[in-house]
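Single-letter residue listing:
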Amino acid sequence: MINAPQIVEIKEIVSETPTIKTFKFDWDSNKFGEVNPGEFLMIWNFSDEKPMSISNISNNELSISVKNIGEFTSQLHDLKVGDEIGVRGSYGNGFNTDFDAKKLLVIGGGVGMAPVTALTHKLVENNEVDVLVAATTKDELLFLEDLENVGANVHPCTDDGSFGFKGYASDCLNSLLEDSTYDYAFVCGPEIMMIGIFNILEDAGILADYSLERYMKCALGVCGQCCVDNTGWRICMEGPVFNSEKIRLIEEFGKYRRDASGVKY
Ligand SMILES: Cc1cc2nc3c(=O)[nH]c(=O)nc-3n(C[C@H](O)[C@H](O)[C@H](O)COP(=O)(O)OP(=O)(O)OC[C@H]3O[C@@H](n4cnc5c(N)ncnc54)[C@H](O)[C@@H]3O)c2cc1C
């Protein structure tokens, strides 16, 4: 674990959708440790620091994919190739990738596709992988081509029906389950989407890993900002990925979370 940010130069920026950009930078894994899908980084823009999932892991290069939703993320979107950011991590427990010759289902909604895309790159090496890519509209669908190129079976789904299945990710999942079943699933997206998916997968008897987000400050397990009721698990240490058995015990899952001052909303 590193506790001081490493200063890295942005090598490449890709505009993925009208609201999401991918930032690529060098990362010496011999020096800073191996990085696994589902782990996250703390990104520092020299004034604030926020958590971001790793969307691609290559030899000595990492990517993050950032949705512009507020002050910090909009400042990141203003960066240019050659600009520097601070990076600390990687942190957290990633996805379980110990599968062989299984039929697996990956589900990502919006920028929730970031961690599950890095995961899919690994899973396709030894498994058959279906990926349900959900977004509000066609222009916001993330990584379709990349996922097809690595050999995943991609199922796009949009709320407004502008591309692929018309409806929510949960509707698309119900439709996939009419013809298929899966040995295991992996889910990341807005919590309102994940709770719907969780209920369907539980009914179908399909165990899964779910990646959760909570407001984070230290990411080192010290401040307690990202603890969840009633287990007290810290999303930065015991998470951000939890399996079905653990998700069943997180009472606030799909119900509420806490803001920067700890107030429930
Ligand atoms: C483990 C983890 C992985 C994440 N991965 C990604 C990713 O790959 N791509 C991406 O675009 N976003 C990701 N996020 C969310 C990202 O950290 C927030 O969108 C970002 O911090 C918003 O900052 P802002 O100033 O632009 O927006 P603000 O206007 O400050 O906040 C908008 C919303 O973002 C969330 N947020 C704000 N600050 C934090 C914080 N310190 N920690 C957690 N959530 C916060 C809150 O829900 C808030 O309501 C991740 C969050 C976590 C916890």
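Model, not experiment: these values are computed from the prediction.

**Looking at the site of the ligand**
Part 1 of the reasoning: Taken together, 21 residues form the shell around the ligand, and within it Lys50, Ser53, Gly70, Phe72 and Thr73 come nearest.
Part 2 of the reasoning: Class assignment of the residues belonging to the shell around the ligand gives a composition of 12 nonpolar, four polar and five charged.

**Observations regarding the sheet that holds strand β1 (residues 6-15)**
In sheet architecture, strand pairing relies on hydrogen bonds along the backbone and comes in two forms, parallel and antiparallel.
Part 1 of the reasoning: What the seven strands build is an open sheet, ordered β4-β3-β7-β1-β2-β6-β5; its pairing is antiparallel. Only two strands of the sheet have a single neighbouring strand rather than two, namely β4 (49-53) and β5 (56-58). Strand-to-strand, the axes of this sheet are offset by a mean angle of 35 degrees, without reference to chain direction.
Part 2 of the reasoning: Where β1 lies against strand β2 (residues 20-26), five bridges are found, and the strand directions are antiparallel. The residue of β2 that forms the bridge with Val14 is Thr22.
Part 3 of the reasoning: Packed onto the sheet, helix α3 (residues 113-123) meets β4, β5 and β6 (61-67) and runs at close to 35 degrees relative to β5.

**Quick notes on unusual backbone geometry**
Part 1 of the reasoning: Omega for the bond connecting Asp229 with Asn230 falls within 30 degrees of zero, at -10 degrees, which places this linkage in the cis form.
Part 2 of the reasoning: Mapping Asn230 onto the fold places it in the loop between β13 (208-211) and β14 (241-243).
Part 3 of the reasoning: Pro240 follows Gly239 through a cis peptide bond whose omega is 5 degrees.
Part 4 of the reasoning: Tracing the sequence through the fold places Pro240 in the loop between β13 and β14.
Part 5 of the reasoning: Of note, Ala101 is a non-glycine position whose phi angle comes to about 55 degrees, a positive value.
Part 6 of the reasoning: Inspection of the secondary structure assignment puts Ala101 in the loop between β7 (84-91) and β8 (103-109).
Part 7 of the reasoning: You can call Ala101 exposed: it has 8 C-beta atoms within 10 Å.
Part 8 of the reasoning: Located in the positive-phi region is Phe143, a residue other than glycine, with phi close to 65 degrees.
Part 9 of the reasoning: Here Phe143 lies in the loop between β9 (128-135) and α4 (144-149).

**Describing the sheet that holds strand β11 (residues 165-166)**
Part 1 of the reasoning: Strand order in the open sheet made by the seven strands is β11-β10-β9-β8-β12-β13-β14, with mixed pairing throughout. Each edge of the sheet is formed by a strand with only one pairing partner; in this case those strands are β11 and β14.
Part 2 of the reasoning: Here β8 runs beside β9; their pairing, made up of seven bridges, is parallel. The partner of Val106 across the bridge, within β9, is Val131.
Part 3 of the reasoning: Where helix α5 (residues 169-179) meets the sheet, its contacts fall on β8, β9, β10 (153-158) and β11, and the angle it forms with β9 comes to roughly 150 degrees.

**A short note on the pairing of β7**
Consecutive side chains along a regular strand alternate between the two faces of the sheet.
Part 1 of the reasoning: Counting buried positions over the eight residues of β7 gives six, a clear majority of the element.
Part 2 of the reasoning: Here strand β3 (residues 40-44) runs beside β7; their pairing, made up of five bridges, is antiparallel. Residue Trp44 lies in a different strand from β7, and its bridge partner there is Gly86.

**Thoughts on the domain arrangement of the protein**
Part 1 of the reasoning: Taken domain by domain, the protein comprises domain 1 (6-91) and domain 2 (103-211).
Part 2 of the reasoning: Distance between the C-alpha centres of domain 1 and domain 2: 23 Å.
Part 3 of the reasoning: Contact residues are listed per partner, giving 14 residues for domain 1 and 12 residues for domain 2.
Part 4 of the reasoning: Taken together, the elements giving at least two residues each to the side of domain 1 that touches domain 2 come down to β5 and β6.
Part 5 of the reasoning: Class assignment for the residues of the side of domain 1 that touches domain 2 results in five nonpolar, seven polar and two charged.

Thresholds, definitions, all that
- Residues numbered from 1 in each chain as written.
- Predicted model: local features only at pLDDT ≥ 70, side-chain atom pairs only at ≥ 80, totals over all residues.
- Near = placed C-beta within 6 Å.
- Nonpolar A, V, L, I, M, F, W, Y, C, P; charged D, E, K, R; others polar.
- Pairing = 2+ DSSP bridges.
- Helix = DSSP H or I, 4+ residues; strand = E, 2+ residues; numbered from the N terminus.
- Axes fitted to C-alpha atoms, helices over the stretch in contact; angles between N-to-C directions.
- Contact = placed C-beta atoms within 7 Å.
- Buried ≥ 20, exposed ≤ 12 C-beta atoms within 10 Å, placed from the backbone.
- Domains from an automatic or database assignment.

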